[in-house]
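# Structural overview
For reference, the chains in residue letters:
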Amino acid sequence: MTESAAKAEAEKLREELHEHNYRYYVLADPTISDFEFDKKLERLIEIESVFPNLKTPDSPSQRVGGVVTKNFPVVRHRERMMSLSNTYSLEELRDFYERVEKGLSVEGISTFEMVCELKFDGIAISLLYENGRFTQGATRGDGTEGDDITENLKTIPTIPLRTNFSKLTTIDEKWNHAIWMNEFKNDFEVRGEALMLKADFETMNREREEAEEKIFANPRNATAGTLKQQDSKEVSKRKLTFFAYHLESKSLPDSLSHAERLKLLSDLGFNVYSAREVASSLNEITKFLETWETRRDSLPFEIDGAVLKVNHIQHRKLLGETSKSPRWAIAYKFSARRAETKLKAVSFQVGRTGAITPVAELEPVPLAGSVISRSTLHNFDEIERLGLCQGDTVELEKSGDVIPKVLRVIPELRVSNLPIKPPSNCPSCGTPLLKPENEVNYYCPNEEGCPDQRKGRIIHFASRNAMDIGSLGEAIIDQLFNEGLIQDAGDLFFLEKSSLSQLERFGDKSAQNLLDALESCKSRPLDRLIFALGIRHVGSATARILSLKFPSIDKLRSATVEELLETGEIGETIAQSITEYFRKRPTEIILSKLKNAGVAFEGKAAKVIENLAVKGKSFVFTGTLEKLKREEASDFVMERGGKVSGSVSKKTDFVVAGSEAGSKLEKAKSLGVKVLSEDEFLKLIGQL
Ligand code: IVH
């Protein structure tokens, strides 16, 4: 491939990828599949690695991260990033409105507009664009100087790496007539908020919890922690979003109002949230506030209020600013989601892994629509961080859908200096607790005998992401366990209707419902069953990988640490944990019960085809295959006991090269790895 051909193809791919990225993330209206998108991106990365000088700073390949920054350079903001003054009541809001009214009337202006927006609860960010390309992104810092986190911000899909100038005039004809447009294109700044959607936050925390990593208190902390990461690859793995709320450029005329600037931002490809309104009376503003205060929990992200901004720039200039904040804008904070209450005691829960979780038992207190009487303290590091003592009064916070959290101790109200200490024995079975080095948790080592651990494992087995046994909740498991009807998850499948319907609160109908739910969960996909077993460090993502590589429980059970590591997708800790799990006696018991009950032990990919040419061999695919999709080709290899890897090394046995194969093919040749055409590959796997 000549360099000029590569250049043209790379540019075409970049254009397409920017467009598809925008369609997917901003418009939520994709026109190609994820697989096709990945293929295009892979191809671009391939071209750029063969011709590194073709790599551009705004290339979509930059989104995957990989740049490691030691210390973030400090950059000076072109214009100070001011903060807003806050109001907490409608009276204060009226005062603000009247101040604006008065300030403008002395200048002879009697009517004005206010733009109402949501106040995103994330991290304020400034983005610079030169020649329509994203060149620098920084945090707010102290308002004058912030950290240059450009590489991290490039991984956020809703931050355009280049803007839609080519399409601007077809989106809205009025931009055609804007005489300032040419100059504007060269240089502008966008401000807005980086945040994590509630759903992404919850998924991430669930995965961190499964992997026994520290969880984040709320989406805002998760965002701040993510943006501080020094390896941008880490940032690209966590899902962040960006909402734009401010556009600044020397070339923009004052006559272009804030509302029009937001429209321009949106036309340029930025994510500008749709809930915004231009209001021309206090009444309209109040309506906006009331609407969004009630709808707050239904939004996919956290807000902590609304922001009201004078719409016309000329009006803003007349009003001016104080040393800290503009006189033309204000934040209206929604009612508090914090409350104070007294700590009655700390109880200790024993989880399915034996980890002891301290739980704050609280004097019941109403908080954002519910009454709170308990709140998890996660672990003893957290108790230490809080400096919690017996009888303390604490401040609680509930943000959005996220469970309430103890924020801090109120030192003025302290009544004792008796710190909360970890128990020495398991509260469930009395066994002395252990604290492994380098771990935050205390553990009950009595895995087999400890009733709470046993119960915890059954609860996990039945839970939504595991076997999802509809009507089987915690309370029923408790009841079944305490009545001696079940010892482990395997026993669930041998429950009888007659003994169930004799239980308290159980009728014929609920007994039958439970039996039906149990029957239908027997055919759940293999990855769910693997996850349901509750192997330490095996979360749902790892379970999925395992189910593909070892398409039956028996295969997984007989896998050695080496074989597990060979998959290239899991590390030593997980591999050790898996083999250890299958060596245990209770595992054997539960597996034989599950098998006898008819629970499916085989995965979909369980098809195993004898093919010695493929078995144990490692394959790399590159370029575009004509007859097969990449996924199909990988399945063919895995079904025959081969491995598929993303990069070529000395250990690679075959590189299958489709059309327009690039650097991987070069590398294969230089290492002397055998290269197959698609047809040769099809012959090898017996499909031609
Ligand atoms: S405008 C001069 N609009 O609130 C006006 N800020 O203390 C500058 N924020 O640091 C801010 N949503 O992080 C503006 N729609 C919105 C906002 C918003 C959230 C944050 C921003 C800023 C803080 C103000």
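As shown above, the structure is provided for reference.
All of these numbers come straight from a predicted model, not from anything done at the bench. Numbering of residues begins from 1 in every chain and follows the order in which that chain's sequence is written. At least 70 in pLDDT is required for a residue's local features to be given in this predicted model, at least 80 for side-chain atom pairs to be given and counted, and no such filter applies to totals for whole chains, interfaces and linings, which use all residues. No hydrogens and no water enter the side-chain calculation; it runs on all heavy atoms of the structure.

### Regarding the sheet that holds strand S7 (residues 187-195)
Following DSSP output, two strands are said to pair if at least two bridges run between them. For helices the rule is a DSSP run of H or I covering at least 4 residues; for strands it is a run of E covering at least 2, with both sets numbered from the N terminus onward. Spatial strand order, S5-S4-S7-S8: four strands in an open sheet with antiparallel pairing. Looking at the sheet topology across the chains shown, the edges are occupied by strand S5 (133-139) and strand S8 (241-248). Strand-to-strand twist in this sheet, taken as the mean axis angle between neighbours without regard to direction, amounts to 30°. The pairing of S7 with S8 spans seven bridges and is classified as antiparallel. Paired with Glu189 across the bridge in S8 is Glu248. Sitting on the sheet, helix H8 (residues 219-227) touches strand S4 (123-130) and S7, and the angle it makes with S4 is about 45°. Fitted lines through C-alpha atoms serve as axes, helices being fitted only where they are in contact, and the angles separating the N-to-C directions of these axes extend from 0 to 180 degrees. Contact criterion: two residues are considered in contact whenever any of their non-hydrogen atoms come within 4.5 Å of each other.

### Quick word on helix H23 (residues 585-597)
The end-to-end C-alpha distance of H23 is 19 Å, a good match for the 18 Å that 13 residues give at a rise of 1.5 Å each. Looking at H23, one finds that the buried residues are Thr587, Ile590, Leu591, Lys593, Leu594 and Ala597. Burial along H23 is one-sided: seen end-on, the buried residues are contained in an arc of 160°. In H23, the exposed residues that point more than 90 degrees away from the buried face are Arg585 and Asn596. Where H23 is buried, its residues contact helix H14 (451-462), helix H18 (526-532), helix H20 (553-558) and helix H22 (572-583). Following H23 by one or two positions, Gly598 has its phi on the positive side, about 90°. For a helix, the expected span equals 1.5 Å multiplied by the number of residues minus one. Residue exposure (1.4 Å probe, protein chains only): buried if accessible area is under 20% of the type maximum, exposed if over 50%, otherwise partly exposed. In this context, the arc is that of the directions from the helix axis out to the C-beta atoms.

### Overview of the nonpolar core
Generally speaking, a soluble globular protein has its nonpolar side chains buried in company with each other. Within the largest apolar cluster, 52 residues are counted, with the highest numbers of intra-cluster contacts made by Phe461, Ile469, Leu492, Ile578 and Leu594. Considering each element in turn, this core owes the most residues, six residues, to helix H17 (residues 508-521). Beyond its immediate chain neighbours, meaning those up to four positions away, Leu594 contacts Phe461, Gly490, Phe493, Leu529, Leu533, Val599 and Phe601. One finds Ile149, Trp175, Leu227 and Leu247 within the second-largest nonpolar core, a separate group that totals 41 residues. As used here, the term nonpolar core means buried Ala, Val, Leu, Ile, Met, Phe, Trp, Tyr and Cys residues forming a set that is joined through side-chain atoms within 4.5 Å.

### Quick look at the pattern of salt bridges
A pairing counts as a salt bridge when a side-chain nitrogen of Lys or Arg comes within 4 Å of a carboxyl oxygen of Asp or Glu. Evaluated as defined, the whole model comprises 44 salt bridges. The partner of Lys154 in a salt bridge is Glu151, and the shortest N-O contact between them spans 3.7 Å. Taken together, the residues Lys154 and Glu151, both in helix H4 (residues 150-154) and three residues apart, mark about one turn of the helix. A relative accessible area of 5% places Lys154 in the buried class. Here Arg338 ties to Glu395 by a salt bridge, and the two come within 4.0 Å at their closest N and O atoms.

### Quick look at the site of the ligand
Among the 15 residues in the neighbourhood of the ligand, the closest are listed as Glu117, Leu118, Phe120, Glu193 and Lys309. For this analysis, a polar contact is any N or O atom pair within 3.5 Å, provided that within protein one partner can donate a hydrogen and the other can accept it, and provided that sequence-adjacent residues contribute only side-chain to side-chain pairs. Contact distances for the ligand include 3.0 Å between a nitrogen atom and a backbone N or O atom of Leu118. One of the backbone nitrogen or oxygen atoms of Phe120 is found 3.0 Å away from a nitrogen atom of the ligand. Every accessible area reported is derived by Shrake-Rupley at a probe size of 1.4 Å, with residue values counting cover from the shown protein chains alone. In isolation the ligand offers 520 Å² of accessible surface; the protein chains occlude 88% of this area. Those elements giving two or more residues to the shell around the ligand turn out to be strand S3 (114-120) and strand S10 (303-310). Ranked by residues supplied to the shell around the ligand, first place goes to S3 with four residues. Here the shell around the ligand is built from residues that sort into nine nonpolar, one polar and five charged. Note on definitions. A residue lies near a molecule or strand when any single heavy atom of the residue is within 4 Å of it. Throughout this entry, Asp, Glu, Lys and Arg are counted as charged residues, while Ala, Val, Leu, Ile, Met, Phe, Trp, Tyr, Cys and Pro are counted as nonpolar. The remaining residues, Gly among them, count as polar.

### A few points about the packing of aromatic side chains
For this analysis, a ring pair means two rings from Phe, Tyr or Trp (six-membered ring only for Trp) whose centres lie within 6.5 Å, classed as stacked if their planes differ by under 30 degrees, edge-to-face if by over 60, and tilted for the remaining angles. In this structure the tally under the stated criterion is 23 aromatic pairs. Each ring, one from Phe461 and one from Phe493, has its centre 6.3 Å from the other, and the planes form 80°; the classification is edge-to-face. Here Phe493 lies in the loop between helix H15 (474-482) and helix H16 (497-501) and Phe461 lies in helix H14, a separation of 32 residues in the sequence. Assessed through its relative accessible area of 12%, Phe493 is described here as buried. Ring-pair connections join several aromatic residues into one group, and the members of that group are Tyr129, Phe134, Phe165, Trp175, Trp180, Phe184, Phe188 and Phe270. Whether a charge sits over a ring comes down to the Lys NZ or Arg CZ being within 6 Å of the ring centre and within 35 degrees of the ring normal. Between Arg316 and the ring centre of Trp328, over which it is positioned, the NZ or CZ distance is 4.0 Å. Here the guanidinium or amino end of Lys435 rests over the ring plane of Tyr442, the centre of that ring lying 5.9 Å away.

### Quick notes on the environment of Thr150
Here Thr150 lies in helix H4. C-alpha separation for the pair Thr150 and Glu610, spaced 460 residues apart in sequence, amounts to 51 Å. Setting aside residues no more than four positions away along its own chain, Thr150 makes contact with Phe134, Thr135, Gln136 and Gly137. Among the polar contacts made by the side chain of Thr150, one reaches the side chain of Asp148 at a distance of 2.4 Å.

### Things to note about the packing of helix H3 (residues 90-105) against helix H11 (residues 282-295)
In the contact formed by H3 and H11, the axes pass within 11 Å of each other and the chain directions differ by 140°. One element, H3, and the other, H11, form an angle in the oblique class. The element H3 and its partner H11 pack so that their crossing is right-handed. Between H3 and H11, the residues in contact are Leu90, Leu93, Arg94 and Tyr97 and Leu282, Ile285, Thr286 and Leu289, respectively. Within the contact of H3 with H11, the residues separate by chemical class into six nonpolar, one polar and one charged. Roughly parallel means an angle under 35 degrees; roughly antiparallel, over 145; roughly perpendicular, 65 to 115; everything else is oblique. Rotating anticlockwise by less than a right angle from the far helix to the near helix defines a left-handed crossing, while the corresponding clockwise rotation defines a right-handed one.

### Details of unusual backbone geometry
Unlike most non-glycine residues, Ala28 shows phi in positive territory, near 50°. Tracing the backbone through its elements, the reader meets Ala28 in the loop between helix H1 (3-25) and helix H2 (34-50). We classify Ala28 as exposed; its relative accessible area is 60%. One non-glycine residue with positive phi stands out, namely Glu660, at about 55°. Mapped onto the fold, Glu660 is located in the loop between strand S19 (654-657) and helix H25 (663-671).

### Some thoughts on empty space enclosed by the protein
Grid points spaced at 1 Å over the protein atoms alone were grouped into cavities, where a 1.4 Å probe fits but cannot get out, and pockets, open sets with protein on both sides within 12 Å along at least five of seven lines, with lining residues defined by an atom within 4 Å of a point. Grid points are joined across faces, edges and corners, and a volume is the space filled by probe spheres set on the points. Summed over all chains, the structure comprises two cavities of 30 Å³ or more. One number sums up the size of the largest cavity: a volume of about 60 Å³. Along the walls of the largest cavity sit Glu117, Leu118, Phe120, Ala244, Tyr245, Leu262, Val272, Tyr273, Ala275 and Arg276, which together make up its complete lining. Taken together, the elements giving at least two residues each to the lining of the largest cavity come down to S3 and S8. The element contributing the most residues to the lining of the largest cavity is S3, with three residues.

### Considerations on the pairing of strand S12 (residues 338-350)
Direction of pairing for S12 relative to strand S15 (residues 393-397): antiparallel, over a ladder of five bridges. If you follow Glu340 over to S15, its bridge partner there is Glu395. Across seven bridges, the pairing between S12 and strand S13 (residues 356-367) is antiparallel. Looking at S13, one finds that Leu343 is bridged to Leu362. Where S12 hands over to S13, the hairpin turn is made up of five residues, of which Gly354 adopts a positive phi near 90°.

### Re the sheet that holds S15
Taken together, the five strands give an open sheet; going across it, the order is S14-S13-S12-S15-S16, and neighbouring strands pair in antiparallel fashion. Only two strands of the sheet have a single neighbouring strand rather than two, namely strand S14 (370-376) and strand S16 (405-409). Adjacent strand axes in the sheet meet at a mean angle of 45° when their direction is disregarded. Bridge count between S13 and S14: six bridges; the pairing is antiparallel. Its bridge partner being in S14, Val359 is matched across the sheet by Thr376.

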